[in-house]
Amino acid sequence: MKRITVLGVTGSIGTQTVDVVSHHPESFQIIAMSAGHNIKKLEEIMSLIDVDHICVMEESDAKALSAKYPDKHFYFGEEGLVKIATLEEADIVLNAIVGFAGLTPTISAIKAKKDIAIANKETLVVAGHIIIPLVKENGVQLLPVDSEHSAIWQSMRGGHHGEVSKILLTCSGGSFRDKSLDELKNATVKEALNHPNWNMGAKITIDSATLINKGLEVMEAHWLFDVDYDDIEVLIHPESVLHSAVEFTDTAVIGQMGTPDMRLPIQYALTYPDRIDLVGAKRLSLADIGTLHFYHPDTKRFKALPLAYEAGRTGGSMPCVFNGANEMANALFREGKIKFLEIVDLVESAMRAHTVVENPDLDALFTIDKWARDFVLTKVEEEHAANTH
């Protein structure tokens, strides 16, 4: 029996984790979980599984829930996240929080010697230089949950690190892979959220449309697999069947294929190194698919990708700026305050305005993240003010 803490239980990864666990009660038990503001969804999940320790964002929600469910333990805020991420009885923490907010509970869980199933890519993007040494120091496992990184991880079992020539990181291309720059100028939030293959949360779906998500995954792969940026190749693969692959020094390419179903990488992270039946999953039929396509992304249309490589290669505080600026710009687009193409323009502007800190500690990262967000917000407000006069 593996006892699990799920951070971000009401999101796409969180709800699919609940599905996996519900189908294997003999193997898994969720003992703690966190949610943000979606209390209705949280209560739906509470009706499905019996969990003793629950964290929410707001103190008022924690008090209301505590009165309603007096037999449960409720916590709130970052302090509450740290509390449930470090529970002594937990074996593994699955971090499905979206964004920079996932960093502190991840560090706390590692220091508490918990294995980490990581779906929160921003933790490694922003603080890979802190996380990887900490994982080694505490002797815990860092288990990838992103479908692409799980595929790389599974493919790596075909050789050892010294035999890796390069990583082939696949990408669906997002909602706008076939759109021209002219068409993207007036792209709507609704259009951007219409992902052709995957059912994900709003923030990640927008990141997929800009290809920023793939840029974040490039940086995540660099840290997870200790591979140079020059050896990570992104390929657009519209069918989302080959989830990623590894090329070895002898020219062998080993990849992981399957239908687009996030429950597979979630379950594999929880059962590693073993495999069990994925209940209700659709089997892959290559005969039905017939043909698979692969091509390089158009980096003139989608300049987020070269910007991500630049941020990763620059290192230090630059990936933190890339991520923080994007989190703010992404939110502003979803709120209808900026246009789609402005998301990446704002990220680039923040990068150009930033003076790199070579080896930022945790406190510095919080300061830099806030600077990047404030930079984007101020720039948008200034441009809005200029346009209204």
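Draft legend 1. Here's a closer look at unusual backbone geometry. A cis amide bond links Tyr 272 to the next residue, Pro 273, at an omega of 10°. Secondary-structure assignment places Pro 273 in the loop between α12 (263–271) and α13 (286–289). One non-glycine residue, Asp 226, lies in positive phi territory at about 50°. Inspection of the secondary structure puts Asp 226 in the loop between α11 (212–225) and β9 (232–236). For Ser 240, which is not glycine, the phi torsion reads 55° and is therefore positive. Its place among the elements puts Ser 240 in the loop between β9 and β10 (242–248).

Draft legend 2. Structural context of the layout of surface pockets. One number sums up the size of the largest pocket: a volume of about 1200 Å³. In terms of lining, the largest pocket is formed by 47 residues, of which the most central are Ala 96, Ile 97, Val 98, Gly 99 and Ile 204. Looking at the lining of the largest pocket, the elements that each hand over two or more residues are α1 (12–23), β3 (53–56), α4 (77–85), α6 (121–138), α7 (147–155), α10 (202–210), α11 and α15 (318–334). Classifying every residue of the lining of the largest pocket gives 18 nonpolar, 19 polar and ten charged. When residues of the lining of the second largest pocket are traced back to their parent elements, those giving at least two are α6, β7 (142–144) and α11. For the lining of the second largest pocket, the per-class residue count stands at eleven nonpolar, five polar and three charged.

Draft legend 3. Fine view of the side chain of His 24. By the element assignment, His 24 lies in the loop between α1 and β2 (28–34). Overall, His 24 belongs to the buried group, its relative accessible area being 7%.

Draft legend 4. Molecular detail of the packing of aromatic side chains. Evaluation of the coordinates by the stated rule reveals nine aromatic pairs. Pairing Tyr 268 with Tyr 272 gives two aromatic rings, centres 5.9 Å apart and planes at 75°, and the pair type is edge-to-face. Classification of Tyr 272 as partly exposed rests on a relative accessible area of 27%. Feature note: the residues Trp 153, Tyr 268 and Tyr 272 constitute an aromatic cluster, connected by ring pairs.

Thresholds applied
- Every chain begins its residue count from 1, and numbering advances along the sequence as written.
- The model is predicted, so local features are restricted to residues of pLDDT at least 70 and side-chain atom pairs to those at 80 or more, both for listing and for counting; the totals for chains, interfaces and linings are taken over all residues.
- Hydrogens and water molecules were not included; the side-chain quantities draw on all heavy atoms of the structure.
- Going along the chain from the N terminus, every DSSP run of H or I of four or more residues is numbered as a helix, and every run of E of two or more is numbered as a strand.
- In this analysis, the protein atoms alone were mapped onto a 1 Å grid. Cavities are point sets where a 1.4 Å probe fits without being able to get out; pockets are open sets with protein on both sides within 12 Å along at least five of seven lines; lining residues have an atom within 4 Å of a point.
- Grid points are joined across faces, edges and corners, and a volume is the space filled by probe spheres set on the points.
- Ten residues, namely Ala, Val, Leu, Ile, Met, Phe, Trp, Tyr, Cys and Pro, are considered nonpolar, four, namely Asp, Glu, Lys and Arg, are considered charged, and the remaining ones, Gly among them, are considered polar.
- Using a 1.4 Å probe on the protein chains alone, a residue whose accessible area is under 20% of its type maximum counts as buried, one over 50% counts as exposed, and one in between counts as partly exposed.
- Only Phe, Tyr and Trp rings take part, Trp by its six-membered ring, and two of them pair if their centres are within 6.5 Å. Stacked means planes under 30 degrees apart, edge-to-face means over 60, and tilted covers everything else.

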